[in-house]
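Take a look at the letters that make up each chain.
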Amino acid sequence: MPHIVNCEVLTHRELAPGQFRVALQGPAIASEAKAGQFGMIEVARGYYPFLRRPMCFERILADAFTVLYKLEGEGTRLLSAFLPGQMISVQGPLGNGFPIESNLTRHIIVAGGIGVATFPGLAEALIKVCDTAPEVVLAARTKDLLLCEQDFREMGCKVHLATDDGSAGEKAYASQVLERLSPAPGTRVYACGPMIMMRETSRVALEAGAECLVSLEAQMACGDGVCLGCVVESKHESEGERMIRVCCDGPVFDARMVDWEAHNFAYDP
Amino acid sequence: MPGWLTGKPTISPMTPDLSINLGGLAMKNPVMVASGTFGYGQEYDRYFDISKLGAVCTKSLSLNVRAGNKPPRLVETPAGLLNAIGLQNVGIDAYLREKAPYLRKKGVTIVANIYGHAPDEYVELARRLEAEGAADAIEANLSCPNVHNAKLATGPSMVSQVPEQVAEYTTSIRSATKLPLFIKLTPNVVNICEPALAAQEGGANGVALINTLLGMAIDTETRRPKLANIVGGLSGPAIRPVAVKMVWDAARVLKIPIIGMGGICIAADAIEFLLAGASSVAVGSMSFRQPDASLRVVEGVEAYLRQHGIPTVSDLVGAIRV
């Protein structure tokens, strides 16, 4: 059940230009949160910005959790100014986390840019339950934007780097790296990043007979299934099921459920 | 500890009367939630006891299930948000089967908001809601900005932009139900008094002011509108002064009560609407940010009455000093 709690900022660090990690003390949320879930963070005391910001949990500790984010607009600019010791209101945990199943032969995480933010917690959960570290494809536009490489290596994950400009790892897209890793039936691929990257990654995974889960991002007002603002189109044909809410039907979806053809990529950030 | 030391204001020992009769609808307090910002009630019952509200207004219900508009449907703007949901809802059948029983069991006063393409659809919706005992009052949405041809800007796109149509629709729905009937109007008109008076003449028991203001936002990098629907409805504190003014305008010509809404976040905002002439208020988009915002408004209005020694909330209605 979600809670609304004031969380103390424990640490707040800029990991790379414009990319931050904030640790928040929040036992009520941390004790119930699962990898892949998110919280709605109140960044402003006043009314600009008016809405909370949906942000997934990076790692979940006993009584605290961390969040990774990228400076984008007014909301993240205000968030970045919070200092250790200050309090910030968080509503959560919200949404459905990643299913963790041990009967698969191989787990591959594919992260694009700040999409990596949901995966350190997933890697920890997979290691705990499956006793094997997932492989990780870390992709970004350029070297500076690759986050968490060291974190995954310390967990024992095999990490494959890729950048659009070749400044680190392969000069390739995430989906191309995944293709070379030869996913197969029994493999589950977990993808988070830009919509176009998730479409390509899921195409590669599904064509190879692997399973693919995607964690979607959307503008949200409530984070809780009420405003109906965060929907994406699904492959369900019935009128009542066509729109799926990223907040409470997701944010983690089976990639086969998302209607990639209907999605208008021109609106993506 | 004495008040001068704790800094707490001296509170009157009397218990103010918050209850109201809104055009035939008995409410334990004047605070409800605006349609479309509270789902079907159950969603926010996880955060607080929703039966403590004066009433819960449902998401607009239509005869058939609606998927709504294509995404993106939501964009944040200064002190508010633009939406173009397009009346996505579960449809009347699922409401009667799954949603209303929960609200009834909780003892919630239900205002069922309805939407149709023509008067006969509103009539059928109102009849079914009354027959099934699934509403205590009807609010007819004659003002959704995100359906029809709002984006074309060629003539009226909403029923409530045309006073004659407001009268026609209201008369039809009136003849179909004995439940208190409220008409929700758009602020996108030259003179709000005209559709409001038309609703009164058609037999409405009250009007709900205001629905969202039409607006749009453009991404300057891509040059695309930020909403797939191009235009949307603006809500949130950004629109509150406009809403208060429209309530004030309408209150001076209407005999029927007004449900005031538009950017109410805290009790002081609600009191502003009451002073302008609204008999009841609705918390809208603020519930997205703070699910129990409406309950806090109830508590805040009660505290205000105590602090000012005002015995009943109705004493505030239209009590602006000009």
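So, how was this worked out
- Residues numbered from 1 in each chain as written.
- Chains lettered and ligands numbered in written order.
- Predicted model: local features only at pLDDT ≥ 70, side-chain atom pairs only at ≥ 80, totals over all residues.
- Helix = DSSP H or I, 4+ residues; strand = E, 2+ residues; numbered from the N terminus.
- Rg over C-alpha atoms; globule rule 2.2 N^0.38 Å.
- Buried ≥ 20, exposed ≤ 12 C-beta atoms within 10 Å, placed from the backbone.
- Contact = placed C-beta atoms within 7 Å.
- Pairing = 2+ DSSP bridges.
- Nonpolar A, V, L, I, M, F, W, Y, C, P; charged D, E, K, R; others polar.
- Domains from an automatic or database assignment.
- pLDDT = per-residue confidence, 0-100.
- Core = buried A, V, L, I, M, F, W, Y, C linked by C-beta atoms within 7 Å.
- Axes fitted to C-alpha atoms, helices over the stretch in contact; angles between N-to-C directions.
- Parallel < 35°, antiparallel > 145°, perpendicular 65-115°, else oblique.
- Left-handed = near helix turned anticlockwise from the far one by under 90°.
- Expected span 1.5 Å × (residues − 1).

**Q** Outline the overall build of chain A, supporting the account with residue identities and numerical values.
**A** A count of helical and extended segments in chain A gives 6 helices and 15 strands. The C-alpha atoms of chain A give a radius of gyration of 18 Å, which matches the 18 Å a tight globule of 269 residues would have. Looking at chain A as a whole, 50% of its 269 residues are labelled buried. Counting contacts in chain A only where the partners sit at least 6 residues apart, residues at least 24 apart contribute 64% of the total.

**Q** Give a detailed account of the overall build of chain B, specifying residues and quantitative values.
**A** For chain B, the helix and strand inventory stands at 9 helices and 14 strands. C-alpha atoms of chain B, sized along the principal axes, occupy 60 × 50 × 40 Å. Across chain B, the fraction of contacts at a sequence separation of at least 24, relative to all contacts at a separation of at least 6, is 71%.

**Q** Lay out the environment of Thr-105 of chain A with the relevant residues and their values.
**A** All names here are of chain A. Residue placement: Thr-105 occurs in the loop between strand E6 (87-94) and strand E7 (106-112). Overall, the presence of 11 C-beta atoms within 10 Å leaves Thr-105 in the exposed class. It is 33 Å that separates the C-alpha atoms of Thr-105 and Met-243, two residues lying 138 residues apart in sequence. Among residues more than four places away in sequence, those in contact with Thr-105 are Gly-186 and Thr-187.

**Q** Give a description of the pairing of strand E2 (residues 19-25) of chain A that names residues and reports values.
**A** All names here are of chain A. The buried fraction of E2 is high, at 5 of 7 residues. Two elements, strand E1 (residues 3-16) and E2, share 7 bridges in a ladder whose sense is antiparallel. Paired with Arg-13 across the strands is Arg-21, a residue of E2. Two successive antiparallel strands, E1 and E2, enclose a turn made up of 2 residues, where Gly-18 displays a positive phi of approximately 80°. With 7 bridges joining them, E2 and strand E5 (residues 64-70) adopt antiparallel strand pairing. By the bridge assignment, Leu-24 is partnered in E5 with Phe-65.

**Q** Quick rundown of the interface of chain B and chain A? Include the residues and the values.
**A** Counting residues at the interface gives 30 residues for chain B and 27 residues for chain A. Counting only elements with at least two residues in the side of chain B that touches chain A, the list comes to strand E5 (74-77), strand E6 (80-83) and helix H8 (286-289) of chain B. Residues that form the side of chain B that touches chain A fall into these classes: 15 nonpolar, 8 polar and 7 charged.

**Q** If you had to explain the domain arrangement of chain A to someone new, which residues and values would you point to?
**A** Accessible area lost on assembly of the parts is the figure often given for the size of an interface. Residues and elements named next belong to chain A. For chain A, the assigned domains are domain 1 (3-94) and domain 2 (106-216 + 251-267). Put simply, the middle of domain 1 and the middle of domain 2, counted by C-alpha atoms, are 23 Å apart. Taken together, the contacts link 15 residues of domain 1 with 14 residues of domain 2. Elements with a minimum of two residues in the side of domain 1 that touches domain 2: E1 and E5. The element that contributes the greatest number of residues to the side of domain 1 that touches domain 2 is E5, accounting for 3 residues. Considering only residue class, the side of domain 1 that touches domain 2 consists of 10 nonpolar, 2 polar and 3 charged.

**Q** Outline the confidence of the model for chain B, supporting the account with residue identities and numerical values.
**A** Considering every residue of chain B, the mean pLDDT works out to 94; 94% of them sit at 70 or more. Taken together, the chains of this predicted complex give a pTM of 0.94 and an interface ipTM of 0.95.

**Q** Help me get a handle on the nonpolar core, residues and values and all.
**A** Counting 194 residues, the largest nonpolar core has Val-137 of chain A together with Val-56, Ile-138, Val-207, Leu-209 and Val-247 of chain B as its most contacted members. The leading source of residues in this core is helix H6 (residues 240-251) of chain B, at 7 residues. If you count residues domain by domain, this core takes at least three from each of domain 1 (3-94) and domain 2 (106-216 + 251-267) of chain A. Residues in contact with Val-247 of chain B, not counting those within four places in the same chain, are Leu-209, Ile-258, Gly-260, Phe-273, Ala-276, Gly-277 and Ala-278 of chain B.

**Q** Give a description of the sheet that holds strand E12 (residues 211-215) of chain A that names residues and reports values.
**A** All names here are of chain A. Spatial ordering of the open sheet is given by E10-E9-E8-E7-E11-E12-E15, a layout of 7 strands whose pairing is mixed. Bordering the open sheet on either side are strand E10 (170-171) and strand E15 (252-254), each of which pairs with just one other strand. Of the pairings in the sheet, the one linking strand E8 (residues 135-140) to strand E9 (residues 159-163) comprises 5 bridges and is parallel in character. Note on E9: the bridge partner recorded for Leu-138 is Leu-161. Relative to E7, helix H3 (residues 119-130) is tilted by about 175°, and along the sheet it contacts E7 and strand E11 (187-192).

**Q** Lay out the packing of helix H4 (residues 163-176) of chain B against helix H5 (residues 193-201) of chain B with the relevant residues and their values.
**A** All names here are of chain B. As a packed pair, H4 and H5 sit with axes 8 Å apart at the nearest point and diverge in direction by 25°. Here H5 runs roughly parallel to H4, going by the angle between their axes. Regarding H4 and H5, the two cross each other, and that crossing is right-handed. Residue-level contacts link Pro-163, Val-166, Ala-167 and Thr-170 of H4 to Glu-194, Pro-195, Ala-198, Ala-199 and Glu-201 of H5.

**Q** A description of unusual backbone geometry should follow, citing residues and the corresponding values.
**A** With an omega of 0°, the peptide bond running from Tyr-48 of chain A to Pro-49 of chain A counts as cis. Within the secondary structure, Pro-49 of chain A is located in the loop between strand E3 (38-41) and strand E4 (53-56). For the bond from Leu-209 of chain B to Ile-210 of chain B, the omega torsion is 10°, close enough to zero to count as cis. Counting through the fold element by element, Ile-210 of chain B comes out in the loop between strand E10 (206-209) and strand E11 (213-215).

**Q** Go over H5 of chain B, please, and point to the residues and values.
**A** Residue and element names in this part refer to chain B. Those residues of H5 lying buried are Pro-195, Ala-196, Leu-197, Ala-198, Ala-199 and Gln-200. Looking at the buried residues of H5, the elements they touch are H4, strand E9 (181-184), E10 and H6. At the C-terminal side of H5, Gly-203 shows a positive phi close to 105°.

**Q** I'd like to hear about the sheet that holds E5 of chain A, residue by residue, with values.
**A** Whenever strands of a sheet pair, they do so through backbone hydrogen bonds, lying parallel or antiparallel. Residues and elements named next belong to chain A. Judged by pairing direction, the sheet is antiparallel, and its 6 strands sit side by side in the order E4-E3-E6-E1-E2-E5 without closing on themselves. The open sheet has two edge strands with one neighbour each: E4 and E5. Strand-to-strand twist across the sheet, computed as the mean angle between neighbouring axes with direction ignored, equals 40°. Bridge count for E1 against E6 is 6 bridges, and the pairing is antiparallel. Bridge pairing in E6 links Ile-4 to Gln-91.

**Q** Can you explain the pairing of strand E12 (residues 232-235) of chain B? Please cite residues and give values.
**A** Inspection of the sheet shows E6 of chain B paired to E12 of chain B by 3 bridges, in the antiparallel sense. Considered in E12 of chain B, the bridge of Leu-81 of chain B is made with Ser-235 of chain B.

**Q** So, H3 of chain A: which residues are in play, and what are the values?
**A** All names here are of chain A. With 12 residues, H3 should reach 16 Å at 1.5 Å per residue; the first-to-last C-alpha distance of 16 Å fits that figure. Along H3, the residues that are buried comprise Phe-119, Pro-120, Gly-121, Leu-122, Ala-123 and Leu-126. Summarising the contacts, the buried residues of H3 are in contact with E7, helix H4 (149-155) and E11.

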